[in-house]
Amino acid sequence: MNVSSDNSIPLLQEDCARSMDRLQRMLDGELPVSASDVDPHAASCRECRERIAAARVLLGELASRVYLILPAQLTESIVATVWEDRSSRIRRRTLTVVGASIIAVAASILFVIWLDRPGVPLGNAMAVGNGEEVASALPLAPEPRPARLSEELARVEQAVVESSRPIAEHVANASGILELFKGPLTLPVGPSPGFAPTRDALAELPNAARTGFEPVTSTTQKAVARLIREVGSVHMSTNPRQ
Amino acid sequence: MYCFILIAVLAFFPIDAAETRPRDELLRVAPTDAAVVVVVQNAREHFRLLKESPFAAWAPSTAVGRRILQSSEFKQLRDSAAMIFRELKTGPEALIDDVVGDAFAFAFSPPPTGGRPKDERAIILIRPRSMAAINSLLDRVNELQRNSGELKSLIRKEHSDGIYFERRKSESSSEFYCFRGNVFAFSSSEIDIQNVIDRDRAAPAVADNTPLLVQRMKQLGVANAPGVVLINPRVLDAEVKARVNAAKPDEKHFLTRFADAWAALDAAAIYANLDTGVEVGVSLRFIPERVPVDLKKWLVGPERSGNSASLMPADALIGIAGHIRAIELIDLVSSIAPGEPDKPGVKESITDAIGPFFGRDKLADILNSLGPNWAVWAEAPVKEAFLPTIVAAIEIGGEGEDRTQAERSLMQGIEFGFQLLRIAYNSKHSDQIELKEETDGGMRIRSLVNDKGFPPGFRPSFALVKGYLLVATSTEPIRRFALPTAKRDRANGDETLARLSGPGTRSYLESHGARLARFLVDMGLVANEKGTRDMLDTFAATMELIEAVELVARSRENGIQLEVKITPSRSLKR
């Protein structure tokens, strides 16, 4: 069972599919438009975020027109787009996860240094009740809505990955350059036919090693994805202390 | 995400060994059975050092730095981050100083094999310096999320007489957190928060007992690294076994050996350290009695004493080196290389392929005499050439008549190979290769010469020099070959396995990149000359940031460390 890359697929499928389902129900009128506000997956998935944004525009259009005929097969079309795009997203995400730590570090060092300014004093702690439910029935966002931290953080995430592209490209170049010189090194003579098993074994070694390490790489990949999900939507709250 | 950015930044700061207490407090309540535990420690001091470093002052003026800073993405990053800090009423320094500057950890376990994604476990732990600061920050975040409708309600809960809180964001989406002593814990899974409370109740105080995860870090030699990813092999045993069971026939052998070594792995860590440069590595610790016999030498063997990296000249562009006999290398590769059972193995096929060159009866002696010191490197082109000169140096071991016989067989075999090349080439080309011999101070160098057909300066040559077999694409490095120095590569026992020179590589690509790209197109190796040139230029620009990159191996008690040492062009420490 080749689980490494496959293992990550169900996670992505499930998150995106859940998001799509919520979106579809919103489009169908089964859920209020605000349902998309609380989609945690959207904070960490640009594609889903963009689809939600497009759906909101669509619903805005619906609200401002008397008639709007939705294209036939709209749902299928959206879902097909999701699946069609999935493979490339998984590849991108895999690269992001594997390289994110290194790349983000380099970009972030510059980023933090660039941003470094004397900090504004911290605000006062909010009083929190002692009841069973210390805050409930909190009001929904008024219009126009205030800035949403999770969306801004998701933008930061995207910007970190995008702005570190120069370094990522350079790293990718290094492997490309190595590929360039593989040819000349093997050009002068073709290997003896008897050498073929060794050549094949050596060629297969990196793939086999990759398969062996897949439990580690896929787990690390999932851990990074989970960490991004956890902190990416600002899962922090008030401070009732024991 | 911005915590993630900070974590990434902090992972590259050094740590004062004395300041380990916050880390210990944090790891006391961390799950010891998690598959992966990320630990970032003592970021405050590290951040300060990096911010004041010559590298930080210089990097924005480099080509790569300018490209990043001038990109629209970076502008977006800057704007979004500035907005977030403004909204949170804090700044990066305050956040690092007071909230995440002491210790941060993230523990994760995947769902069991066949389990559901929701069965995965994850917890974030922060040990802030200032409780007031983290409280203010949390309040502010809460206020913002309440105003934006992201937070619906906050519910106080209890578990084993401990209090924790549920942040309900929707009917199906909640988050949980608690404070235990000086540690803040957060998770989107309720049971993980309850487990933190249980561990806090059960675990002895830090003063009485070093937490298990800290012990592991110490055993792996990464206790003071600012960024560590601890890996618990036992959690992944079932998955490794599943890989073996599902392996294709040609992968089966390798994966079985891999599983044997994995079963002997006691603990592992990926770590990042920083001093004047960056060090990123993997540390492995084994249970010696479980390590397969033929792998013991490599995984838990005695400290190696190779000095083969000093075979490479200091100004080499790039090179690799090793301390292993050819016969040992073949045995090692044979024992792990993938292959199908009904086909010849590595050892058999090598015997079949190169045996006739040297004589099958002499091959074992020759392979046994090759090594242990060897190196292959590229150096700047000789005069008028544009291709880098490639050199391979292999020590010839042994004593007396055996050694003499091995040397003779080796030279005859290589000369025969050169002759074969010459004949093969000459039969297909109008320009012709000659095999020439020249002597220099008792050194006999044989070369393939073709001034018309070969690129300028390209003259494949070989010779026996000072007990080493040298093969190079020019005679010059053979003439000036010097024996490796007796001293170790590094005082602390590091063995350098590979090295890259940033200035050397950059200088070469800037001088010869255009001709190299043209040459590769002419050889039919690439189709797009401009694309290749751009790629080489980009790589050269990257090298502006780097003085040197080294891959080193370091023996540890019952284990080994492999580390990439990056020396930047400017120090990362004032």
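Quantities reported herein were computed from a predicted structural model and do not represent experimental measurements. (Residues numbered from 1 in each chain as written. Chains lettered and ligands numbered in written order. Predicted model: local features only at pLDDT ≥ 70, side-chain atom pairs only at ≥ 80, totals over all residues.)

**A few points about the overall build of chain A**
Tallying secondary structure elements over chain A gives seven helices and one strand in all. In chain A, the succession of helices and strands from N to C terminus is α-α-α-α-β-α-α-α. If you take every contact in chain A between residues at least 6 apart in sequence, the share linking residues at least 24 apart comes to 76%. (Helix = DSSP H or I, 4+ residues; strand = E, 2+ residues; numbered from the N terminus. Contact = placed C-beta atoms within 7 Å.)

**Quick word on the overall build of chain B**
Helix and strand counts for chain B come out as 20 helices and 20 strands. Taking the principal axes of the C-alpha coordinates as reference, chain B spans close to 85 × 55 × 45 Å. When each of the 574 residues of chain B is scored for burial, the buried share is 46%. Expressed as a percentage of contacts within chain B between residues at least 6 apart in sequence, the contacts between residues at least 24 apart total 66%. (Buried ≥ 20, exposed ≤ 12 C-beta atoms within 10 Å, placed from the backbone.)

**Description of the confidence of the model for chain B**
When pLDDT is averaged across chain B, the result is 88; 94% of the residues are at 70 or more. Note that residues 1-20 of chain B has pLDDT below 50 and, in this model, 73 contacts with residues that lie over four places away or in other chains. (pLDDT = per-residue confidence, 0-100.)

**Thoughts on unusual backbone geometry**
Residue and element names in this part refer to chain B. For the bond from Gly-371 to Pro-372, the omega torsion is 10°, close enough to zero to count as cis. Relative to the elements of secondary structure, Pro-372 occurs in strand 12 (residues 370-379). A positive phi angle is found at Asn-42, which is not glycine, with a value near 55°. Relative to the elements of secondary structure, Asn-42 occurs in the loop between strand 1 (36-41) and helix 3 (43-51). The phi dihedral of Lys-466 is positive, around 50°, even though this residue is not glycine. Looking at where Lys-466 falls in the secondary structure, it is placed in the loop between strand 16 (461-465) and strand 17 (468-472).

**Topic: the packing of helix 16 (residues 360-369) of chain B against helix 17 (residues 400-426) of chain B**
Residue and element names in this part refer to chain B. Where helix 16 meets helix 17, the closest approach of the two axes is 9 Å, and the angle between their N-to-C directions is 105°. Between helix 16 and helix 17, the angle is such that the two are roughly perpendicular. Of the residues in helix 17, those touching helix 16 at Lys-362, Asp-365, Ile-366 and Ser-369 are Asp-402, Arg-403, Gln-405, Ala-406, Ser-409 and Leu-410. Taken together, the residues of the contact of helix 16 with helix 17 sort by class into three nonpolar, three polar and four charged. (Axes fitted to C-alpha atoms, helices over the stretch in contact; angles between N-to-C directions. Parallel < 35°, antiparallel > 145°, perpendicular 65-115°, else oblique. Nonpolar A, V, L, I, M, F, W, Y, C, P; charged D, E, K, R; others polar.)

**Here we look at the nonpolar core**
In this structure, Val37(B), Ala105(B), Leu125(B), Ala185(B) and Ala269(B) are the most contacted members of the largest nonpolar core, which totals 107 residues. The leading source of residues in this core is helix 7 (residues 196-232) of chain A, at nine residues. Setting aside residues no more than four positions away along its own chain, Ala185(B) makes contact with Val29(B), Ile123(B), Leu125(B), Tyr177(B), Cys178(B), Arg180(B), Ile193(B) and Val196(B). Within the second largest apolar cluster, 42 residues are counted, among which are Leu317(B), Phe357(B), Val465(B) and Met543(B). (Core = buried A, V, L, I, M, F, W, Y, C linked by C-beta atoms within 7 Å.)

**Here's the deal with the pairing of strand 17 of chain B**
Residues and elements named next belong to chain B. For strand 17, the buried fraction is high: four of the five residues fall into the buried class. Note: strand 13 (residues 389-396) against strand 17, five bridges, orientation antiparallel. What sits directly across from Glu-395, in strand 17, is Tyr-468. For strand 16 and strand 17, the ladder comprises five bridges, and the chain directions are antiparallel. Bridging from a neighbouring strand, Val-465 pairs with Tyr-468 of strand 17. (Pairing = 2+ DSSP bridges.)

**Considerations on the environment of Val224(A)**
The topology assignment puts Val224(A) in helix 7. Between the C-alpha atoms of Val224(A) and Arg18(A), which are 206 residues apart in sequence, the distance is 21 Å.

**Describing the pairing of strand 16 of chain B**
Residues and elements named next belong to chain B. Most of strand 16 sits inside the fold, with four of its five residues counted as buried. The pairing of strand 15 (residues 443-449) with strand 16 spans two bridges and is classified as antiparallel. Paired with Ser-447 across the strands is Ser-461, a residue of strand 16. Linking two consecutive strands that pair antiparallel, namely strand 16 and strand 17, is a turn of two residues; a positive phi of about 50° is found at Lys-466 within it.

**As for the packing of helix 15 (residues 346-358) of chain B against helix 16 of chain B**
The description of two packed helices rests on the angle between their axes and on the distance between the axes. Residues and elements named next belong to chain B. Packing of helix 15 against helix 16 leaves a shortest axis separation of 8 Å and a crossing angle of 100°. The angle between the axes of helix 15 and helix 16 places the two elements in the roughly perpendicular class. Each of Thr-351, Ile-354, Gly-355 and Phe-358 in helix 15 lies in contact with helix 16, whose residues at this interface are Arg-360, Lys-362, Leu-363 and Ile-366. For the contact of helix 15 with helix 16, the class distribution of residues is four nonpolar, two polar and two charged.

**Section: helix 16 of chain B**
Residue and element names in this part refer to chain B. For helix 16, the set of buried residues is Ile-366, Leu-367 and Ser-369. One side of helix 16 carries all its buried residues, which in axial view fall inside an arc of 155°. Considering only its buried residues, helix 16 is in contact with helix 14 (326-336), helix 15, strand 12, strand 13 and helix 17. A positive phi of about 110° marks Gly-371, the residue just after helix 16. (Arc of directions from axis to C-beta.)

**Remarks on helix 3 of chain B**
Looking at helix 3 of chain B, one finds that the buried residues are Ala43(B), His46(B), Phe47(B) and Leu50(B). Relative to the axis of helix 3 of chain B, the buried residues are bounded by an arc of 100° and lie together on one face.

**Digging into the confidence of the model for chain A**
Residue and element names in this part refer to chain A. Summary statistics for chain A give a mean pLDDT of 57 and a share of 27% for residues scoring 70 or more. Across chain A, element-level confidence peaks in helix 7 with a mean pLDDT of 81 and bottoms out in helix 4 (residues 74-115) with 44. Confidence drops under pLDDT 50 across residues 82-132; counting only partners more than four residues distant or on other chains, this segment forms 99 contacts. Note that pLDDT drops below 50 for residues 184-190; the model gives that stretch five contacts with residues more than four away or on any other chain.

**Things to note about the environment of Glu395(B)**
Residues and elements named next belong to chain B. Tracing the backbone shows Glu-395 in strand 13. A tally of 21 C-beta atoms within 10 Å means that Glu-395 is categorised as buried. Along the sequence, Glu-395 and Thr-485 sit 90 residues apart, while their C-alpha atoms lie 14 Å from each other. Excluding residues within four positions of it along the chain, Glu-395 makes contact with Gly-371, Pro-372, Asn-373, Trp-374, Gly-467 and Tyr-468.

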